Amino acid sequence: MKKNFYYLFFISVGCLLINSCDVGEPTRYSETKPVPLERIQSITAANNFIVITADYTTPNSCWHFYKSEISNNDTTIYIKIYAKYDGQNCTPLVGSITHIDTIFLNKAGFKKLKFWQSDSLYKDTTIVFAADYDITFPDFYVEKGSDSDSSYISFRGRKIHPYLFEIEATGWGDYGTGISLATVPKPNKLFFQLMAECGVNPPNIWVKAVRTAVITADILDTVNTLAFTNLYRHTDTIVVNR
């Protein structure tokens, strides 16, 4: 009788253990992967950082933000967003997530943002980061000479952004060899020269040329004088002081 009791006890315990393992719910499958940029909502700049709000495309609406991978060398910023799926039942319709990233920057200037699209493709956008800068050089326009003897030159400077100053230089040049605007840094001065590019086309095809350059505020703040001359025709030099 006692032997039968132990036999029944072990059978009962074994059944309980077996039943306790069968919870009636399968293990959920989870997945994590990078997701491509859908659109940029906004990019705002503060004292030493930018804030990026953007939407990213997910396979369906059950995916959620997992992490950001950001590499930043102060001129090019790579942004890769990961989403995670926890195994819920979801309709097979494309979804999206919105995420905000804050990126700290060490210096002002042009910043290229590269958003991951695939392992071989990024979507690029360029911004100007200049929270602590403001152009203080005055706008100007000066012209000299005459078109009749190809001695005409003009020099214009204007603020196109709190951090950007555009230079427009006009003069006569040799179209056959090409015309470019060279910038020569000097102590407390930037010197612009309308010059010939290297080329093999026949020379002495004289044309009036307009060339532009953009100066950033951090560079412009270190100079007091901007000057321009046309080396082609040995024309006058225009000097503008702050």
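Read on for an overview of the structure. Please read these numbers as outputs of a predicted model, since none were measured by experiment. (Residues numbered from 1 in each chain as written. Predicted model: local features only at pLDDT ≥ 70, side-chain atom pairs only at ≥ 80, totals over all residues. Heavy atoms only, no water.)

Let us look at the environment of Asp 55. Tracing the chain through its elements places Asp 55 in strand β3 (residues 49–58). The buried category is assigned to Asp 55, whose relative accessible area is 5%. Reaching out from Asp 55, the side chain makes a polar contact with the side chain of Thr 98 at a distance of 2.6 Å. (Helix = DSSP H or I, 4+ residues; strand = E, 2+ residues; numbered from the N terminus. Buried < 20%, exposed > 50% of the residue type's maximum accessible area, 1.4 Å probe, protein only. Polar contact = N/O pair within 3.5 Å; in protein donor to acceptor, adjacent residues only side chain to side chain.)

On to the nonpolar core. Phe 155, Phe 192 and Leu 226 are the most contacted members of the largest nonpolar core, which totals 28 residues. If one sorts the elements of this core by residue count, strand β11 (residues 164–174) sits on top with four residues. What Leu 226 contacts, discounting residues up to four positions off in sequence, is Phe 137, Phe 140, Phe 155, Phe 165, Ile 167, Leu 190, Phe 192, Ile 215, Leu 220, Ile 238, Val 239 and Val 240. Ile 50, Ile 77, Ile 79 and Phe 115 belong to the second-largest nonpolar core, a separate cluster that totals 20 residues. (Core = buried A, V, L, I, M, F, W, Y, C linked by side-chain atoms within 4.5 Å. Contact = heavy atoms within 4.5 Å.)

Along any regular strand, the residues point their side chains to alternate faces of the sheet. Across eight bridges, the pairing between strand β4 (residues 64–72) and strand β5 (residues 76–85) is antiparallel. When the sheet's bridge partners are listed, His 64 is paired in β5 with Lys 84. (Pairing = 2+ DSSP bridges.)

All right, on to the pairing of strand β15 (residues 225–230) then. For β15, the tally of buried residues reaches six of six residues, placing the bulk of the element in the interior. Covered by surrounding structure in β15 are Thr 225, Ala 227 and Thr 229 together with Leu 226, Phe 228 and Asn 230, the residues of both alternating faces. Here strand β13 (residues 189–196) pairs with β15 via six bridges, running parallel. Across the sheet, the residue bridging to Leu 194 is Asn 230, located in β15. Where β15 and strand β16 (residues 237–241) come together, five bridges link them in antiparallel fashion. When the sheet's bridge partners are listed, Thr 225 is paired in β16 with Asn 241. In this structure, the hairpin formed by β15 and β16 is closed by a connection of six residues, where His 234 is found at a positive phi of approximately 55 degrees.

A contiguous nonpolar patch, built from Phe 110, Ile 160 and Val 214 and spanning about 250 Å² of accessible area, is present on the exposed surface. With respect to the helices and strands, the residue Phe 110 is situated in strand β7 (residues 109–118). (Patch = residues over 30% accessible without salt bridge, like charges linked within 9 Å, V, L, I, M, F, W, Y side chains within 5 Å. Areas by Shrake-Rupley, 256 points an atom, 1.4 Å probe, with all protein chains shown as cover. Salt bridge = Lys/Arg side-chain N within 4 Å of Asp/Glu carboxyl O.)

Another aspect to go through is the state of the cysteines. In total, this model carries one disulfide according to the counting rule given. A disulfide bridge connects Cys 62 with Cys 90, and the sulfur atoms are separated by 2.1 Å. In this structure the cystine formed by Cys 62 and Cys 90 twists about its S-S bond by roughly 95 degrees; its chirality is therefore right-handed. Remark: Cys 90 occurs in the loop between β5 and β6 (95–104) and Cys 62 occurs in the loop between β3 and β4; sequence separation between them is 28 residues. For Cys 90, a relative accessible area of 28% puts it in the partly exposed group. (Disulfide = S-S within 2.5 Å.)

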